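For reference, the chains in residue letters:
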Amino acid sequence: MKFRREILQALSGGSFRSGKELGDSLGISRSAVWKHVKALRQLGLDVYAVRGKGYRLSLPLELLDHQVIFSAIPVATRSLVSAIEVQLELESTSEYLVRKARGGALSGHICFAERQTAGRGRRGRVWISPLGGNLYFSILWRFPEGPQSLGGLGLAVGVGIARALQKSGLGDVELKWPNDIYWRGMKLGGVLLEMFGESAGPCGVVIGIGVNVRMPGGVGTAIGQPWVDLETAIGRAVSRNKLAAIVTHEVFSAVREFQLGGLGRFLAEWRDLDALAGKQVRLVTPSESLVGTAVGVDANGALLLRKGGQVRRYYSGDVSLRLVS
Ligand code: ATP
Ligand code: BTN
């Protein structure tokens, strides 16, 4: 695993590196290098080999780097970051960080992974997380005020991510209740909140964020709904380290703002970004499935659905919400 990351780093510039040169620099044999290259291919990377020249990636790859990310975060936010980890592979950055949180990790701890083997979406769904092209990360935040203060946090985080994408040059960003990031009707990213701690005391939240940046060819066919990546939406290459820094900054700022002033400060902006306002939607809960018109969110972040002249409220828990096409 260790050598795999180093080989990837050596190849990331996109030029040829010979097996001998790679092996010598790592203190391993050429055949060991070859085994690692094979493993990288199995993970979906397009590494090709040319006799006499060595190995090369078909496209350069910007690996995440904790120092580069940290130094690109504005100074005021840096003081809130307690640690930044970058892992090559994890089952899920959120699962990892929840475990670390239980072991005492500090608020402001961030963990990125280049790949997740069991990335999770809401309600046990899978988040497709191939190697090296997208952003998958989780942030630990502790709330001494307790969980009663957290209603609507996911909406505030969504606004933070939308602000970061807008500042990165993306127009037409949309938010789909409760926690999805869309662009022109296609899913670009998602947020998963996992809470732990006392029901009437200090608690913590692991905020899991996935943003598609450059989805490797073929992988997206496993996603069961329209999706997009940022490079396609924006029409140019995107620096993942810079994007990681700006999303981190905006999410930290949003969480601080939420902690100080609650959801009220975000509602107007959320409503402006609402992907479904005024549209016909199908809402599915464990007990019912109905079609109605989405009419925004209330002051607590509950979804408002109009059906037969009545407006009902839904809280995010076990609810699925889809546009009726
Ligand atoms: P809802 O629960 O309201 O129906 P949803 O379908 O977006 O919304 P979520 O649980 O929020 O459900 O997200 C998980 C879903 O996101 C997966 O079932 C899949 O359709 C989609 N998905 C998985 N990986 C990705 C990805 N990398 N990019 C975009 N979409 C993805
Ligand atoms: C959703 O739309 O259902 C939420 C998707 C959240 C995905 C991110 S990727 C980083 C973090 N780790 C996970 O396993 N999930 C979240």
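In what follows, the structure referred to is the one given above.
Participant: Explanation requested: the layout of surface pockets in the structure shown.
Facilitator: Over the atoms rolls a probe the size of a water molecule, and its path tells where empty space is left. Size it by volume and the largest pocket reaches roughly 560 Å³. Lining the largest pocket are 33 residues, and of these Gly121, Arg122, Val126, Trp127 and Lys187 lie nearest its centre. Of all elements in the fold, only α6 (93-102), β5 (135-143), β8 (186-197), β9 (203-211) and β14 (320-323) reach the threshold of two or more residues within the lining of the largest pocket. At four residues, the largest contribution of residues to the lining of the largest pocket is made by β8. Grouping the constituent residues of the lining of the largest pocket by class yields eleven nonpolar, 14 polar and eight charged.

Participant: Sorry if this is basic, but what is going on with the site of ligand 2 here?
Facilitator: Among the 20 residues in the neighbourhood of ligand 2, the closest are listed as Ser92, Gln116, Arg120, Arg122 and Lys187. Taking Arg122, its main chain carries an N or O atom lying 2.9 Å from an oxygen atom of ligand 2. Contacts to ligand 2 include Lys187, whose side-chain N or O atom sits 2.9 Å from an oxygen atom. Surface burial for ligand 2 is 97%, taken as the share of its 420 Å² of free accessible area covered by protein chains. Here ligand 2 is seated within the largest pocket.

Each value, and the rule that gives it
- Numbering of residues starts from 1 in each chain and follows the order in which that chain's sequence is written.
- For this description, chains carry letters from A and ligands carry numbers from 1, given in the order in which they are written.
- With pLDDT at 70 or above as the cut-off, local features in this predicted model cover only qualifying residues; side-chain atom pairs require 80 or more to be listed or tallied, and sums for whole chains, interfaces and linings still use all residues.
- Working from all heavy atoms in the structure, the side-chain values ignore hydrogens and water.
- For each structure, a 1 Å grid was placed over the protein atoms alone; sets of points admitting a 1.4 Å probe that cannot get out are labelled cavities, open sets with protein on both sides within 12 Å along at least five of seven lines are labelled pockets, and lining residues have an atom within 4 Å of a point.
- Grid points are joined across faces, edges and corners, and a volume is the space filled by probe spheres set on the points.
- Note on conventions: DSSP H or I runs of at least 4 residues are helices, E runs of at least 2 residues are strands, and numbering of each starts at the N terminus.
- Amino acids are sorted into nonpolar (Ala, Val, Leu, Ile, Met, Phe, Trp, Tyr, Cys and Pro), charged (Asp, Glu, Lys and Arg) and polar (every other residue, Gly among them).
- Residue proximity to a molecule or strand is established when one non-hydrogen atom of the residue lies within 4 Å of it.
- Two N or O atoms count as a polar contact when they lie within 3.5 Å, although within protein this holds only if one can serve as hydrogen donor and the other as acceptor, and sequence-adjacent residues are included solely when both atoms are side-chain atoms.
- Per-residue and other accessible areas follow the Shrake-Rupley method at a 1.4 Å probe size, with only the shown protein chains counted as cover for residues.
- Whether a molecule lies in a cavity or pocket depends on its atoms, and more than half of them have to be within 2 Å of the grid points.

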